[in-house]
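# Survey of secondary and tertiary structure
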Amino acid sequence: MTFWDSASQRESPVAMSDFLLPVQYLRQIAEQLRAMGTDPAAWLARCEVEPRQLDDPDYQPGFALFSQLIEHALALTEEPALGLLVGERLVINTHGILGFAALQSESLRQAIQLVERYLAVRTTLVTLRHEHDEAAQREHIQFVASFPLGSIERTVLEAVMLAIKNVFDAITPANVCLSQVGFPFPAPCYADLANEMFGCPVAYDQPWAGFTIDSALLDLPLRMADPAAFREAESICQRELMKLGEKTSLSARVRRLMLEKQNGFPSLVVTARLFHMTPRTLHRHLLDEGTTFKQILKEVRHSLAVEHLKSGRLSVQEIACSLGYNDVANFRRAFKQWEGVPPSEYRPGRQ
């Protein structure tokens, strides 16, 4: 599990251009600011965005501008729980065809698989990973950040996770709820509010962000299920995802693949095969985008190493092994090149 940090990840401009967030979500933030007595026009002006741009369905801010908008919203409102308040506004109808498809799901399992596959048609801010815990008979739905969230991590994760929780609530019976919600940062001053809004215990300083759900709940039949409507909606999601894939840089797709396959990074040969290319063709395309397979692997290892050290749950030797280093000394040398200090001396947030 990984969360990106702006101090540890140097994303290329090409990868940043793969950011997607429909303008409808910015409008929801603007409405929340208005409800709190803050002028949305003043908020937008601080980032040189005109109010009319939020009325343009094709308007798409870049990731850097999105980060500035969130930072300024936090500063203007002085509301640390802004992410939760925005997330509460993001009901199932907010999510277009993805929300409609989820509403037709036959089971919670099918809905989770749907969101896992097609969340990118609504946003590339995060990806989902679903893991089954056989011993505890529980499911873990993990949210993995795709961009260096830095100072907006808490706000973004709270908003996205509460929005997905709202989707699950809309399609399941009232007595079906999450067992626990986890966040990878310290408990905030409004932790009680988070417990109330998620409707379950919220744990902090966890190794990953996500939900825990009893496995027995995943296959309960849902009353609003419509298999035919689901298949049609899913096919639309699939077509939209294919269109996005044609626009997404190869380097970003390789990077996401590595994050999905962490603890066992695919080789250049395997990666090329997964993208239906020869290794030489993959190498050439990455060069055209200003990077290489080796460079992407180094960036991913760097980010994961920093996040593992921040969590404090693995030893340096265990981190080195998980990142594919056969010799812990090689990992120490690499980390010192990245951060200027060996991993044993690394302190998050240092200048």
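Source: prediction; values computed, not measured.

Criteria and thresholds
Residues numbered from 1 in each chain as written. Predicted model: local features only at pLDDT ≥ 70, side-chain atom pairs only at ≥ 80, totals over all residues. Heavy atoms only, no water. Helix = DSSP H or I, 4+ residues; strand = E, 2+ residues; numbered from the N terminus. Contact = heavy atoms within 4.5 Å. Salt bridge = Lys/Arg side-chain N within 4 Å of Asp/Glu carboxyl O. Buried < 20%, exposed > 50% of the residue type's maximum accessible area, 1.4 Å probe, protein only. Pairing = 2+ DSSP bridges. Phe/Tyr/Trp six-rings, centres within 6.5 Å; stacked < 30°, edge-to-face > 60°. Lys NZ or Arg CZ within 6 Å of the ring centre and 35° of its normal.

### Focus on the side chain of T291
Mapped onto the elements of the fold, T291 is located in the loop between α13 (279–288) and α14 (293–311). Beyond its immediate stretch of four places on either side in the chain, T291 contacts S251, L286 and I296.

### Side note on the pattern of salt bridges
Counting across every chain of the model gives eight salt bridges. The salt bridge involving R109 is made with D219; its shortest N-O contact spans 2.8 Å. Here D219 lies in the loop between β5 (209–214) and α10 (227–247) and R109 lies in helix α7 (residues 108–118), a separation of 110 residues in the sequence.

### So, the pairing of strand β2 (residues 138–145)
Of all eight residues in β2, seven are buried, a share of seventy percent or more. Examined bridge by bridge, strand β1 (residues 126–133) and β2 share eight bridges and lie antiparallel to one another. When the bridges of β2 are listed, R129 appears paired with Q142. Connecting β1 to the antiparallel partner β2 that follows it, the hairpin turn spans four residues, and Q137 within it adopts a positive phi of roughly 55 degrees. Alignment of β2 against β5, held across six bridges, turns out to be antiparallel.

### Focus: the packing of aromatic side chains
Tallied over the entire structure, the rule returns 15 aromatic pairs. Consider the rings of F19 and F66, whose centres lie 5.3 Å apart with planes at 35 degrees: the pair is tilted. With F19 in the loop between α1 (13–16) and α2 (23–35) and F66 in helix α4 (residues 63–77), this pair connects stretches of sequence that are 47 residues apart. Relative to F185, the ring of F183 lies with its centre 5.0 Å away and its plane at 20 degrees, an arrangement referred to as stacked. A relative accessible area of 5% means that F185 is categorised as buried. Each member of the aromatic cluster is reached from another via a ring pair, and the members are Y325, F331, F335, W338 and Y346. Sitting above the plane of the Y325 ring, R301 keeps its charged end 4.4 Å from the centroid.

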